[in-house]
Amino acid sequence: MGLFLTILMDGLIYASWLFVVALGLTLIFGVLKILNIAHGSLYAIGAYVAASAVGWAAAWGFGGAWSLLALLLAAVLVAIVLAPLLERGLLRLFYGRDEVVLLLVTYALFLILEDATKLVWGANPYYVTEPYGLFGNIAIGPLFYVGYDIALIGLAAICGVAVWFGLNRTVSGKIVLAVIHNPEMSAGMGVNIGRVHWVAFTIGVFLAALGGAFTAPLISVQPGISVGVIIASFAVIIIGGLGSIEGAAIGALVVGLARATSVHLLPEAELFSIYLVMAAVLVWRPEGLFQRAVARKI
């Protein structure tokens, strides 16, 4: 029972921050029809900016709970600065092109952002320790977990509900869904398609940066963290179904539990387990666990 609970909790914690990142990726694909490989770099930039922001806040005497606000503001800053620059300045020039062209463009953008990150922050690792101890320890059965890890599960739930509610229960969300289903008809009825693309991309960038910012206290922020994240995020949305919020949630849980199971039972198969689960799902349901007709609703 103890091992089962350990695997369950470790899987949920890993799935929580991964879901936040994958949610931004699936939102961008659902609205813009772009598989954004540079999403992993946006996650890394969010982590780096968060590390710098927490350090600056501590230097100015703003410790404790202020460090959490610094993490959030770091994600907002990344979205405000980079989203218009990337979407308005580059990606919109390739709308309507072949999907492979867009894939190559985002891959080139990934390489550029990786080098830019090294140029700004260097190759030395950054550590964000202060926020990690704010919530103390929490007992779950016979196990004790750092409260910050459990808080990440709450963050993932808030992000998922907020995006779902925004799309399905607000007027702006209905407009976005209309653009997804029929952009030509939406444009004919006066919807500003460019603005919808820009807003959706900004939210997607914010979610990527938010995932990076709030996982910075868990990891060593250093070059290369973007690669593993984008691979795992693609696995999530492929398992769940491209463009589906519900699919991203289920996919993150599947990936998280598969990884936790392999870590505790067969550590040498940690990375392989994710690909094995993804391959099994694709053999059974090539469109992902959620059918494409559902995925279009995001």
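The structure this text deals with has already been given above.
It should be emphasised that the depicted structure is a prediction, and the values quoted were computed from it without experimental measurement.

So, how was this worked out
Residue numbering note: each chain is counted from 1, following its sequence as written. In view of the model being predicted, local features appear only for residues whose pLDDT reaches at least 70, and side-chain atom pairs are presented and counted only at 80 or more, with totals across whole chains, interfaces and linings using the full set of residues. The side-chain numbers reported here are obtained from all heavy atoms of the structure, hydrogens and water having been left aside. Starting at the N terminus, helices and strands are each numbered in turn, a helix being any DSSP run of H or I of at least four residues and a strand any DSSP run of E of at least two. Within these notes, the globule rule equals 2.2 Å times the number of residues to the 0.38 power, and the radius of gyration is based on C-alpha atoms. Whether two residues touch is decided by their heavy atoms; if any such pair falls within 4.5 Å, the residues are in contact. Calculation of accessible area relied on Shrake-Rupley with a 1.4 Å probe; when residues are assessed, cover is drawn exclusively from the protein chains displayed. Paired rings are identified among Phe, Tyr and Trp, the last through its six-membered ring, by centres lying within 6.5 Å, and are further divided according to the angle between planes into stacked (under 30 degrees), edge-to-face (over 60) and tilted (the rest). Relative accessibility decides the category of a residue: with a 1.4 Å probe and only protein chains considered, values under 20% of the type maximum give buried, values over 50% give exposed, and everything between is partly exposed. Only when the NZ atom of a Lys or the CZ atom of an Arg is both within 6 Å of the ring centre and within 35 degrees of the ring normal do we say a charge sits over the ring. Throughout this description, the term salt bridge denotes a Lys or Arg side-chain nitrogen within 4 Å of a carboxyl oxygen of Asp or Glu. Surface patches are defined over residues having more than 30% relative accessible area and no salt bridge, joining like charges when they lie within 9 Å and nonpolar side chains (Val, Leu, Ile, Met, Phe, Trp, Tyr) when within 5 Å. Each residue after the first adds 1.5 Å to the expected span of a helix. Directions from the helix axis toward the C-beta atoms define the arc.

Visitor: Just to check I follow, could you spell out the overall build of the protein chain for this structure?
Guide: For the protein chain, the count of helices and strands is 12 helices and two strands. Going from the N terminus to the C terminus, the protein chain shows its helices and strands as α-α-α-α-β-β-α-α-α-α-α-α-α-α. A globule of 298 residues ought to have a C-alpha radius of gyration of about 19 Å, and the protein chain, at 19 Å, matches this closely. Across its three principal axes, the protein chain shows a C-alpha extent of roughly 60 × 50 × 35 Å. Long-range pairs, those at least 24 residues apart, make up 78% of the contacts in the protein chain between residues at least 6 apart in sequence. As displayed, the protein chain has an accessible area near 13,900 Å², and 72% of this comes from carbon and sulfur atoms.

Visitor: Teacher, can you tell me more about the packing of aromatic side chains here?
Guide: Any pair of aromatic rings gets described here by the distance separating the centres and the angle formed by the planes. Scanning the entire structure with this criterion turns up eight aromatic pairs. Seen in terms of ring centroids, Tyr-14 and Trp-17 are 5.2 Å apart; in terms of plane orientation they differ by 75°. Their pairing is edge-to-face. Pair noted here: Tyr-14 and Trp-17 are both in helix H1 (residues 2-32), with a separation of three residues, about one helical turn. The same class applies to Tyr-14 and to Trp-17, which are both buried. Their ring planes at 70° and their centres at 5.4 Å tell us that Phe-62 and Trp-66 sit as a pair that is edge-to-face. Residue Phe-62 is classed as partly exposed on the basis of its relative accessible area, which comes to 38%. You can call Trp-66 partly exposed: its relative accessible area is 48%. Through successive ring pairs, a cluster of aromatic residues spans Tyr-14, Trp-17 and Tyr-43. Directly above the aromatic system of Trp-284 lies the positively charged group of Arg-285, at a separation of 5.7 Å from the ring centroid.

Visitor: What am I meant to see in the pattern of salt bridges here?
Guide: Side chains that differ in sign of charge can pair as their charged atoms come close. Under the counting rule described, the total for this entry stands at two salt bridges. The salt bridge involving Arg-88 is made with Glu-87; its shortest N-O contact spans 2.5 Å. Of the charged contacts in the structure, one is a salt bridge between Arg-285 and Glu-287, with a shortest N-O distance of 3.4 Å. A residue is classified by how much of its surface remains accessible, and Arg-285, at 18% relative accessible area, is buried. Residue class for Glu-287 comes out partly exposed when judged on its relative accessible area of 28%.

Visitor: Please clarify how a nonpolar patch on the surface should be interpreted in this entry.
Guide: Taken together, the side chains of Trp-56, Trp-60, Phe-62, Trp-66, Leu-69, Leu-72 and Leu-73 present a nonpolar region at the surface, about 800 Å² in accessible area. No other element matches the four residues that helix H3 (residues 66-89) contributes to the nonpolar patch. Within the secondary structure, Trp-56 is located in helix H2 (residues 39-59). The exposed category is assigned to Trp-56, whose relative accessible area is 53%.

Visitor: Explanation requested: the environment of Ala-249 in the structure shown.
Guide: As for its position among the elements, Ala-249 is in helix H10 (residues 245-265). Residue classification places Ala-249 among the partly exposed residues on the basis of a relative accessible area of 28%. Sequence spacing of Ala-249 and Val-20 is 229 residues, and the spatial spacing of their C-alpha atoms is 9.0 Å.

Visitor: It is not clear to me how helix H11 (residues 270-284) should be interpreted in this structure. Could you clarify?
Guide: Note on helix geometry: an α-helix contains 3.6 residues per turn, so any two residues three or four positions apart are oriented the same way. Under the 1.5 Å per step criterion, the end-to-end length of H11 is 22 Å for 15 residues, consistent within 8% with the ideal 21 Å. Restricting attention to buried positions, one finds in H11 the residues Ser-273, Ile-274, Met-278 and Val-281. Angular distribution of buried residues about the axis of H11 spans 130°; they occupy a single face of the element. Across from the buried face of H11, at angles greater than 90 degrees, the exposed residues are Leu-271, Phe-272 and Val-283. For H11, the elements touching its buried residues are helix H9 (225-240) and H10.

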